[in-house]
Structure formats: C-alpha cells, structure tokens
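Chain residues, written in single-letter form:
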Amino acid sequence: WTLAAEFTDSAAVTEDKRPGLVAALAAAARREFDILAVWKLDRSLKRLLELVDALQRAGVGLVSLRDAGIDITSAGGRLILQVFAAVAEFEASLTRERVQAGVDRARARGKRLGRPPREVDVARVMRMRAEGRPWRSIARALKVPHRTLRRAVDRATRAGLASASTPEAGDSSS
C-alpha cells in the first residue's frame, strides 16, 4: 500500500465532532485514495455501518489493522463484518430485553421509577401569590422551577387542597 494521507482523531474528541473522520470521508468522496485503513473500528455498530455505507458509495474500501478479518474489499471481509453486525444487534436486543424485564420487575414490586417528585409547600406558594408575587419570583425564593410550582398548585387545586377561588392559582401572568 502507498500512504496517500493520514487522518487522526484524539481520544478526547467527542463522538459527534471527529475532524479526522470528517476529513477522511471528504477525501474518500473525492476519490483521493482507494482504501481507508483504520487502526481500530468504532464500537458503535450504527456508526460503523454508516462509515461502510459512505465508503462504498464513494467506491473506497475499508480495512481495519487491529480487527482481524475486517476488509470490505473482499467477500470474506464483508461476510465477517455482517456476522459482527448480527452479533452486535443480538447483544443490543438482549440488553434491551434485560433492561425491560428489570423495569417490569421493579414496577411489579411497586417501585416508583424516574426522578423523585419535588416537595413544594403549596400553602406557602399560595400565600406568596396572595401577596402579589409573580411565579418566577416565588420559584427563585423557593429554589424550584416555576413550572414545578405551577404544576404543584394545579394538582393541589384539582385535589381541593388549595383555594380554587384564589384568582392567582390559575393566573398565567408572570
């Protein structure tokens, strides 16, 4: 092989921002080389298949120097890639099934899932509203998002715990 160019990404680069990969794909689209040799393939099957698809559209092969047998320029290499893809998809399905089974088991035991609800002193909020304070001011004072306050007051009003006759309870101003 003759080295046409070298493209690198550091380990600190985020998955979405990989200038070396972007430059390599652009060079592949311009047909500046016939084969892209990579040190090691990405663990993400989705990104790997997207890479293979982009390279094949450009008529460029892919060879992994570290992952034995991955060479999409040969039938055997494409077969191995497909087997790896099938195994990765199977593993992902097993993981999804296990996670769902755990969630179902927790729910069956009565476990509440998700973020714990914020405690809001609705009576205090109603007093502050009666004083004429805007929702956002009350939210800042209680260190709670204003929408959380509104939902808590709305729930309390529907449950009959807060004074529904107070005009501020449903007031959307502020």
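In this text the structure is predicted, and so the values were computed from the model without any measurement.

A. Inspection of a nonpolar patch on the surface at higher detail. Where nonpolar side chains cluster on the molecular surface, the patch consists of Trp1, Ile35, Trp39 and Leu65 and spans about 540 Å² of accessible area. By secondary structure assignment, the location of Leu65 is in the loop between β2 (61-64) and α3 (75-108).

B. Looking closely at a positive patch on the surface. There is a patch of like positive charges on the surface, built from Arg147, Arg151, Arg155 and Arg158. One can find Arg147 in helix α6 (residues 146-158). Residue classification places Arg147 among the partly exposed residues on the basis of a relative accessible area of 42%.

C. How the structure looks around α6. An ideal rise of 1.5 Å per residue puts 18 Å on 13 residues; α6 measures up with 18 Å between its terminal C-alpha atoms. Where α6 is concerned, the buried positions are Thr148, Leu149, Arg150, Ala152, Val153 and Ala156. Just beyond α6, the residue with positive phi is Gly160, at close to 80°.

D. Structural detail: the nonpolar core. Leu36, Leu55, Val60 and Leu62 are the most contacted members of the largest nonpolar core, which has 17 residues in total. Counting residues per element, this core draws most heavily on helix α2 (residues 45-58), which supplies 5 residues. Non-local contacts of Val60, meaning those with residues more than four positions away in its chain, are made with Ala28, Arg31, Phe33, Asp34, Ile35, Leu36, Leu55 and Ile72. Grouped together as the second largest cluster of nonpolar side chains are 13 residues, Val120, Met126, Trp135 and Val144 included.

E. Unusual backbone geometry, seen in detail. The backbone of Arg31 shows a phi angle near 60°, a positive value even though the residue is not glycine. On the secondary structure map, Arg31 appears in the loop between α1 (19-29) and β1 (35-38). Here Lys143, not a glycine, exhibits a phi torsion of approximately 55°, which is positive. Relative to the elements of secondary structure, Lys143 occurs in the loop between α5 (135-142) and α6. The exposed category is assigned to Lys143, whose relative accessible area is 72%.

F. Highlighting the pattern of salt bridges. Within the structure shown, the criterion is met by 4 salt bridges. Across the salt bridge formed by Arg18 and Asp9, the nearest N and O atoms sit 3.7 Å from each other. When its relative accessible area of 24% is taken as the criterion, Arg18 is described as partly exposed. Judged by relative accessible area, Asp9 falls into the partly exposed class, the value being 30%.

G. Molecular detail of the packing of aromatic side chains. For the structure on display, the rule yields 1 aromatic pair. Taking the centre distance of 6.2 Å and the plane angle of 55° together, the rings of Phe7 and Phe33 count as tilted. With Phe7 in the segment before α1 and Phe33 in the loop between α1 and β1, the pair connects residues that are 26 residues apart, well separated along the chain. Residue Phe7 is classed as partly exposed on the basis of its relative accessible area of 29%. You can call Phe33 buried: its relative accessible area is 9%.

Each value, and the rule that gives it
- Residues numbered from 1 in each chain as written.
- Predicted model: local features only at pLDDT ≥ 70, side-chain atom pairs only at ≥ 80, totals over all residues.
- Heavy atoms only, no water.
- Patch = residues over 30% accessible without salt bridge, like charges linked within 9 Å, V, L, I, M, F, W, Y side chains within 5 Å.
- Areas by Shrake-Rupley, 256 points an atom, 1.4 Å probe, with all protein chains shown as cover.
- Salt bridge = Lys/Arg side-chain N within 4 Å of Asp/Glu carboxyl O.
- Helix = DSSP H or I, 4+ residues; strand = E, 2+ residues; numbered from the N terminus.
- Lys, Arg positive; Asp, Glu negative; His and termini not counted.
- Charge placed at Lys NZ, Arg CZ, Asp CG, Glu CD.
- Buried < 20%, exposed > 50% of the residue type's maximum accessible area, 1.4 Å probe, protein only.
- Expected span 1.5 Å × (residues − 1).
- Core = buried A, V, L, I, M, F, W, Y, C linked by side-chain atoms within 4.5 Å.
- Contact = heavy atoms within 4.5 Å.
- Phe/Tyr/Trp six-rings, centres within 6.5 Å; stacked < 30°, edge-to-face > 60°.

Everything listed here is a matter of geometry and, on its own, says nothing about what the molecule does.
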